[in-house]
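# Observations on the model geometry
Take a look at the letters that make up each chain.
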Amino acid sequence: MAEKRQKFDAEFREGAVRIVTETGKSVGEVAEDLGINETTLASWVSRARRAGRAGTGQPADDELARLRQENAQLRKDNKELSMERDVLKRCMVIWVK
(Lines give C-alpha, C1' and ligand atoms only; values in the text may rest on other atoms or scores of the structure.)
Protein backbone atom coordinates (compact mmCIF):
# COMPACT_ATOMS: atom_id res chain seq x y z
CA MET A 1 0.00 0.00 0.00
CA ALA A 2 1.26 3.49 -0.80
CA GLU A 3 2.57 5.63 2.00
CA LYS A 4 1.06 8.99 2.74
CA ARG A 5 3.35 11.77 1.51
CA GLN A 6 4.72 14.21 4.02
CA LYS A 7 4.38 17.89 3.33
CA PHE A 8 7.16 20.22 4.40
CA ASP A 9 6.72 23.96 4.61
CA ALA A 10 9.11 26.35 2.87
CA GLU A 11 10.80 27.36 6.12
CA PHE A 12 11.69 23.73 6.91
CA ARG A 13 13.03 23.15 3.37
CA GLU A 14 15.16 26.31 3.47
CA GLY A 15 16.50 25.38 6.89
CA ALA A 16 17.45 21.91 5.72
CA VAL A 17 19.23 23.34 2.68
CA ARG A 18 21.10 25.82 4.88
CA ILE A 19 22.27 23.01 7.15
CA VAL A 20 23.72 21.16 4.15
CA THR A 21 25.35 24.21 2.60
CA GLU A 22 26.68 25.90 5.74
CA THR A 23 27.87 22.96 7.83
CA GLY A 24 29.46 20.96 5.03
CA LYS A 25 27.67 17.81 6.14
CA SER A 26 26.60 15.41 3.44
CA VAL A 27 23.04 15.31 2.23
CA GLY A 28 22.69 11.78 3.61
CA GLU A 29 23.79 12.80 7.12
CA VAL A 30 21.44 15.77 7.27
CA ALA A 31 18.55 13.79 5.82
CA GLU A 32 19.03 11.09 8.44
CA ASP A 33 19.25 13.67 11.23
CA LEU A 34 16.03 15.34 10.07
CA GLY A 35 14.21 12.10 9.34
CA ILE A 36 13.53 12.81 5.68
CA ASN A 37 14.34 10.99 2.46
CA GLU A 38 17.84 11.63 1.14
CA THR A 39 16.68 12.13 -2.46
CA THR A 40 14.09 14.65 -1.31
CA LEU A 41 16.73 16.73 0.45
CA ALA A 42 19.11 16.36 -2.49
CA SER A 43 16.47 17.76 -4.83
CA TRP A 44 15.88 20.73 -2.50
CA VAL A 45 19.61 21.48 -2.37
CA SER A 46 19.92 21.13 -6.13
CA ARG A 47 16.97 23.42 -6.75
CA ALA A 48 18.35 26.01 -4.31
CA ARG A 49 21.76 25.97 -5.97
CA ARG A 50 20.22 26.42 -9.41
CA ALA A 51 18.21 29.34 -8.06
CA GLY A 52 21.42 30.82 -6.65
CA ARG A 53 20.20 30.99 -3.09
CA ALA A 54 22.51 28.39 -1.60
CA GLY A 55 25.77 29.15 -3.37
CA THR A 56 28.20 26.27 -3.40
CA GLY A 57 28.25 25.79 0.31
CA GLN A 58 31.98 26.35 0.57
CA PRO A 59 33.33 29.39 2.37
CA ALA A 60 36.47 29.04 0.24
CA ASP A 61 34.48 30.06 -2.84
CA ASP A 62 33.35 33.27 -1.14
CA GLU A 63 36.92 33.98 -0.08
CA LEU A 64 38.17 33.32 -3.62
CA ALA A 65 35.65 35.76 -5.07
CA ARG A 66 36.66 38.40 -2.52
CA LEU A 67 40.34 37.92 -3.27
CA ARG A 68 39.77 38.15 -7.02
CA GLN A 69 37.89 41.42 -6.56
CA GLU A 70 40.64 42.76 -4.30
CA ASN A 71 43.29 41.70 -6.83
CA ALA A 72 41.49 43.51 -9.65
CA GLN A 73 41.29 46.67 -7.53
CA LEU A 74 44.98 46.48 -6.64
CA ARG A 75 45.95 46.03 -10.29
CA LYS A 76 43.88 49.09 -11.22
CA ASP A 77 45.49 51.15 -8.45
CA ASN A 78 48.96 49.96 -9.45
CA LYS A 79 48.39 50.97 -13.07
CA GLU A 80 47.18 54.42 -12.02
CA LEU A 81 50.16 54.95 -9.72
CA SER A 82 52.57 53.87 -12.46
CA MET A 83 51.05 56.43 -14.82
CA GLU A 84 51.36 59.17 -12.18
CA ARG A 85 55.00 58.22 -11.55
CA ASP A 86 55.75 58.43 -15.28
CA VAL A 87 54.20 61.88 -15.47
CA LEU A 88 56.31 63.06 -12.53
CA LYS A 89 59.45 61.66 -14.16
CA ARG A 90 58.70 63.63 -17.33
CA CYS A 91 58.13 66.78 -15.30
CA MET A 92 61.46 66.34 -13.52
CA VAL A 93 63.29 65.92 -16.84
CA ILE A 94 61.71 69.12 -18.16
CA TRP A 95 62.43 71.01 -14.90
CA VAL A 96 66.10 69.93 -14.77
CA LYS A 97 66.78 71.11 -18.34
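Predicted model, so just to flag it, every value in this text is computed and none were measured.

All right, on to the side chain of Thr21 then. Along the polypeptide, Thr21 turns up in helix α1 (residues 10-23). Using a relative accessible area of 7% as the deciding quantity, one classes Thr21 as buried.

A few words now on a nonpolar patch on the surface. Taken together, the side chains of Met92, Trp95 and Val96 make up a nonpolar region of the molecular surface, amounting to roughly 410 Å² of accessible area. With relative accessibility at 46%, the residue Met92 sits in the partly exposed group.

What follows is about the packing of aromatic side chains. How two aromatic rings sit relative to each other is set out by the distance from centre to centre and by the angle between their planes. Summed over all chains, the structure comprises 3 aromatic pairs. A ring pair is formed by Phe8 and Trp44, whose centres lie 5.4 Å apart and whose planes are at 75 degrees; its orientation type is edge-to-face. Here Trp44 lies in helix α3 (residues 38-51) and Phe8 lies in the segment before α1, a separation of 36 residues in the sequence. Given a relative accessible area of 22%, Phe8 falls into the partly exposed group. Measuring from ring centre to ring centre gives 6.2 Å for Phe12 and Trp44, while their planes differ by 90 degrees; the resulting arrangement is edge-to-face.

The next thing to look at is the nonpolar core. Residues Ala16, Val17, Val20, Val30, Ala31, Ile36, Leu41, Trp44, Val45 and Ala48 constitute the largest nonpolar core, which totals 10 residues. Of all the secondary structure elements, the ones that give two or more residues to this core are α1, α2 (27-34) and α3. No other element matches the 4 residues that α3 contributes to this core. Sequence-distant contacts of Ile36, that is, excluding residues within four places in its chain, are made with Phe8, Phe12, Ala31, Leu41 and Trp44.

Criteria and thresholds
- Residues numbered from 1 in each chain as written.
- Predicted model: local features only at pLDDT ≥ 70, side-chain atom pairs only at ≥ 80, totals over all residues.
- Heavy atoms only, no water.
- Helix = DSSP H or I, 4+ residues; strand = E, 2+ residues; numbered from the N terminus.
- Buried < 20%, exposed > 50% of the residue type's maximum accessible area, 1.4 Å probe, protein only.
- Patch = residues over 30% accessible without salt bridge, like charges linked within 9 Å, V, L, I, M, F, W, Y side chains within 5 Å.
- Areas by Shrake-Rupley, 256 points an atom, 1.4 Å probe, with all protein chains shown as cover.
- Salt bridge = Lys/Arg side-chain N within 4 Å of Asp/Glu carboxyl O.
- Phe/Tyr/Trp six-rings, centres within 6.5 Å; stacked < 30°, edge-to-face > 60°.
- Core = buried A, V, L, I, M, F, W, Y, C linked by side-chain atoms within 4.5 Å.
- Contact = heavy atoms within 4.5 Å.

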